[in-house]
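Residue-level structural notes
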Amino acid sequence: MAALNSADALQVSGLRKRYDDRDVVAGISFTVPTGTCFGLLGPNGAGKTTTLRCCLGLTRPDGGKINLGAYDIPADAEAARQRVGVVPQLDNLDPDFTASENLLVYGRYFGIADATIRARIPGLLDFAGLGGREKARIQTLSGGMKRRLTLARALINDPDVIFLDEPTTGLDPQARHLIWERLKQLTARGKTLILTTHFMDEAERLCNRLAVLDNGHLVTEGAPRELIAAHIEPQVVEVFGDDAPRWARSRNGLAERLEVAGDTAFFYCRDPAPLLAALADAPALRYMHRAASLEDVFIKLTGRELRD
Amino acid sequence: MNSQQLFTLPRPGLRWLPIWRRNFLVWRKLAIPSVLGNLADPLIYMLGLGYGLGSLLPRVGGVSYVSFLAAGTVVASTMNAATFEALYSAFSRMHVQKTWDAILNTPLSLDDVLAGELVWAACKSLLSGLAILLVIAALGLSTSPLALWTIPVIFLTGLAFAALGLIVCALAPSYEFFMYYFTLFITPMLLVSGVFFPADQLPAVVHTIASWLPLAHAVQLARPLLLGEVPANALGHVAALLVIAAVAFSIATVLTRRRLLK
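I will try to describe carefully the structure that is included in this document. Nothing here was measured: the structure is a model prediction, and the numbers come from that model. (Residues numbered from 1 in each chain as written. Chains lettered and ligands numbered in written order. Predicted model: local features only at pLDDT ≥ 70, side-chain atom pairs only at ≥ 80, totals over all residues. Heavy atoms only, no water.)

Looking only at helices and strands, chain B features 11 helices and zero strands. Taken from the N to the C terminus, the helices and strands of chain B come in the order α-α-α-α-α-α-α-α-α-α-α. Relative to the 2.2 N^0.38 estimate, which gives 18 Å for 262 residues, the radius of gyration of chain B is 19 Å and therefore close to what a compact globule would have. Along the three orthogonal principal directions, the C-alpha set of chain B runs to about 60 × 40 × 35 Å. A total of 262 residues make up chain B; the buried ones form 55% of that total. For chain B, the share of sequence-separated contacts (at least 6 apart) that also reach a separation of at least 24 residues comes to 79%. (Helix = DSSP H or I, 4+ residues; strand = E, 2+ residues; numbered from the N terminus. Rg over C-alpha atoms; globule rule 2.2 N^0.38 Å. Buried < 20%, exposed > 50% of the residue type's maximum accessible area, 1.4 Å probe, protein only. Contact = heavy atoms within 4.5 Å.)

Pasting the structure below:
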């Protein structure tokens, strides 16, 4: 069995997928070097999940080329999936089984011998923070525990590449931090991670590189710090309150860029000192001064309107 | 997916075995209630109608009514077990629990999943049919060694109805949809295929149409075997059930690919 460990774990070029005359993925290209974490960011409906399904050979693209390691997708997708782990967006653990039965049954789908799987189970449950819960029924596990068990399940075949579709959506902060910790350990061991998320802090923490998708197009790609430096002013001052929009518009010149959304004014600037001085003279307004984040880049590139 | 991939024939092999084993492991946890449930209902009908109604009837088809009803009960029970498994249970795994989605992320394909579900449903219906067969033997309603040939007939009947059920599963938007299949196909078939009374009692047109139905072929095989006779046109009935199973499974495969591999 060939490993997926060529120089690039995943190469996507010109990927295109249409549903009902709409380009859900409209010709995107990106490369994921082996042993790195790559993030696919985008609002709902941007084409993230479709892109992942194409990379796994579950959806047949209408155009473009995908290579997962040395494998051509979708032609050799079954062989490639032998070396891949997947953490899906929705929980699909087997509710009729205990934690360890879930891992055993899943390992069999890879053709792994029962004895080998059983030997791996305790280590995987420990890794997932589920040590001693071999016999726990799925219904008795919390959302965070289920997600961790799904991560353990994705590792049953010791994969080279792991796809994670919104791995921390719906989890509390403790559970998110634990998952992040484990994902960092996996990249430290040389695994390649490809994750979708719409949590910018998650992407900023975990990803070596990321791509922002919107309406099926790749809007930008790069390391998180590079994207912030390239797309946005380094300082942000958010001003809140009923009077904030009017006040902000009258002081537009104090920042390089001003955006108003509802009762909040966002000043994007290089030097916040004049603005902060002006705010000191307006005690009725509340404000927050912070460094620019990936979320600001994301909002700038994909807009503020809701996506459903 | 283009039409070429949509209509590719399933590959032969044993790749479906881990899926069969998954279902078996679930079943093992619930085996006793499952077997009793599968057994109780048909037995109540067979014994209640067979001895109760049978005491009012002359001999039916040359034998006591309960002996006549025995073969019908075996195949009807097989049909029900295979149908329930391929409709409700498979639909739960496909649509509600997303078990199939989880499997598709492994090296297995959707064709493997469907083959596993087909053989599993047929095996489960075999168990149902066998349980009735044992009761029939214990009651002395069938004594001929030829009755052992009913076992492959049960399995074949299970395959045919599992394959038909998987078509309905592939089309179903929700559990409610299955009621149409029962009221429009399964129940009428139960009444015209010679399960409860000889099918030649029906008007000639109905009888002719009914003789093409899968359950009618199963009855035509199982009844003589249980009464110790070699079925007339046995090869024809076996071939009919095989063709129904193969064609229905191919249709189910295409429909499920269209549903899940968009």
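Alright, that's what it looks like, and here's the rest.
Here we come to the pattern of salt bridges. By the definition in use, this model includes 24 salt bridges over all chains. For the salt bridge of A:Arg290 with A:Asp296, the shortest nitrogen-to-oxygen distance reads 2.8 Å. The network of salt bridges with common partners includes B:Glu85, B:Arg93, B:Glu117 and B:Lys124. (Salt bridge = Lys/Arg side-chain N within 4 Å of Asp/Glu carboxyl O.)

A few words now on the layout of surface pockets. If you add up the space inside the largest pocket, you get close to 900 Å³. Forming the walls of the largest pocket are 33 residues, and the residues nearest its centre are A:Thr49, A:Arg53, A:Gln89, A:Asp165 and B:Asp101. At the level of elements, β2 (22-33), α1 (48-56) and β6 (84-87) of chain A together with α4 (65-96), α5 (99-104) and α11 (234-260) of chain B are the ones that each hand at least two residues to the lining of the largest pocket. Looking at the lining of the largest pocket element by element, the count peaks at six residues for α1(A). Of the residues contributing to the lining of the largest pocket, the split by class is 15 nonpolar, nine polar and nine charged. (1 Å grid on protein atoms, 1.4 Å probe; cavity = no way out; pocket = protein on both sides within 12 Å on 5 of 7 lines; lining within 4 Å. Points joined across faces, edges and corners; volume = space filled by probe spheres on them. Nonpolar A, V, L, I, M, F, W, Y, C, P; charged D, E, K, R; others polar.)

Before going further, it helps to spend a moment on the interface of chain B and chain A. Contacts between the two partners involve 26 residues from chain B and, on the opposite side, 26 residues from chain A. In total, about 2400 Å² of surface goes out of reach between chain B and chain A, with carbon and sulfur atoms giving 53% of it. Where chain B touches chain A, the interface holds five salt bridges. Where A:Asp114 meets B:Arg21, a salt bridge forms, and the shortest distance between an N and an O atom there is 3.3 Å. Applying the counting rule to chain B against chain A returns 12 residue pairs in polar contact (both at pLDDT 80 or more). Those elements that provide at least two residues to the side of chain B that touches chain A are α2 (17-29) and α5 of chain B. Of all the elements, α2(B) adds the most residues to the side of chain B that touches chain A, at seven residues. (Buried area = accessible area lost by both parts, 1.4 Å probe. Polar contact = N/O pair within 3.5 Å; in protein donor to acceptor, adjacent residues only side chain to side chain.)

Among the nonpolar cores identified, the biggest contains 170 residues, and A:Leu10, A:Leu149, A:Phe163, A:Leu183, A:Leu294 and B:Leu215 are the most heavily contacted of them. Residue contributions to this core reach at least three from each of two domains, namely domain 1 (8-223) and domain 2 (233-291) of chain A. Setting aside anything within four residues of it in sequence, one finds A:Leu294 in contact with A:Leu41, A:Met200, A:Ala203, A:Glu204, A:Leu210, A:Pro224, A:Leu227 and A:Ile228. Counting residues in each nonpolar core, the second largest holds 15 residues, with A:Ala255, A:Phe267, A:Cys269 and A:Leu279 among its members. (Core = buried A, V, L, I, M, F, W, Y, C linked by side-chain atoms within 4.5 Å. Domains from an automatic or database assignment.)

What follows covers a nonpolar patch on the surface. Residues and elements named next belong to chain B. Together, Leu 47, Tyr 51 and Leu 139 line one region of the surface with nonpolar side chains, adding up to about 260 Å² of accessible area. Mapping Leu 139 onto the fold places it in the loop between α6 (110-138) and α7 (150-171). Here Leu 139 falls in the partly exposed class, since its relative accessible area comes to 41%. (Patch = residues over 30% accessible without salt bridge, like charges linked within 9 Å, V, L, I, M, F, W, Y side chains within 5 Å. Areas by Shrake-Rupley, 256 points an atom, 1.4 Å probe, with all protein chains shown as cover.)

Mapped onto the elements of the fold, B:Leu104 is located in helix α5. When the C-alpha positions of B:Leu104 and B:Leu260 are compared, they lie 9.9 Å apart, and in sequence the two are 156 residues distant. Contact partners of B:Leu104, with chain neighbours within four places excluded, come to A:Leu58, A:Arg81, B:Ser109, B:Leu110, B:Val113 and B:Leu261.

Residues and elements named next belong to chain A. As paired elements, strand β12 (residues 257-261) and strand β13 (residues 264-269) share five bridges and run antiparallel to each other. Residue pairing for β13: Leu 258 is matched across the bridge by Phe 267. The turn linking β12 back onto β13 is made up of two residues, and Gly 262 within it adopts a positive phi angle of 60°. (Pairing = 2+ DSSP bridges.)

Let us now look at the sheet that holds β2(A). Residues and elements named next belong to chain A. Overall, antiparallel pairing links the four strands, which are arranged β2-β1-β4-β5 in an open sheet. Both outer strands of the open sheet, β2 and β5 (71-73), are each paired with one neighbouring strand and no more. Neighbouring strand axes in the sheet, compared pairwise and without regard to direction, differ in orientation by 20° on average. Where α1 meets the sheet, its contacts fall on β1 (8-19), β2, β4 (63-68) and β5, and the angle it forms with β1 comes to roughly 120°. (Axes fitted to C-alpha atoms, helices over the stretch in contact; angles between N-to-C directions.)

All names here are of chain A. Taking strand neighbours across the sheet as the criterion, the six strands line up as β6-β7-β8-β3-β9-β10 in an open arrangement whose pairing is mixed. The sheet is open, and its two borders are formed by β6 and β10 (217-222), each paired with just one other strand. Averaged over neighbouring strand pairs, the angle between their axes works out to 15° when direction is ignored. Taken together, the five bridges between strand β7 (residues 161-165) and strand β8 (residues 192-197) define a ladder with parallel strand orientation. The residue of β8 that forms the bridge with Asp 165 is Thr 196. Docked against the sheet, helix α11 (residues 294-302) engages β3 (37-41), β9 (209-214) and β10, running at close to 30° with respect to β9.

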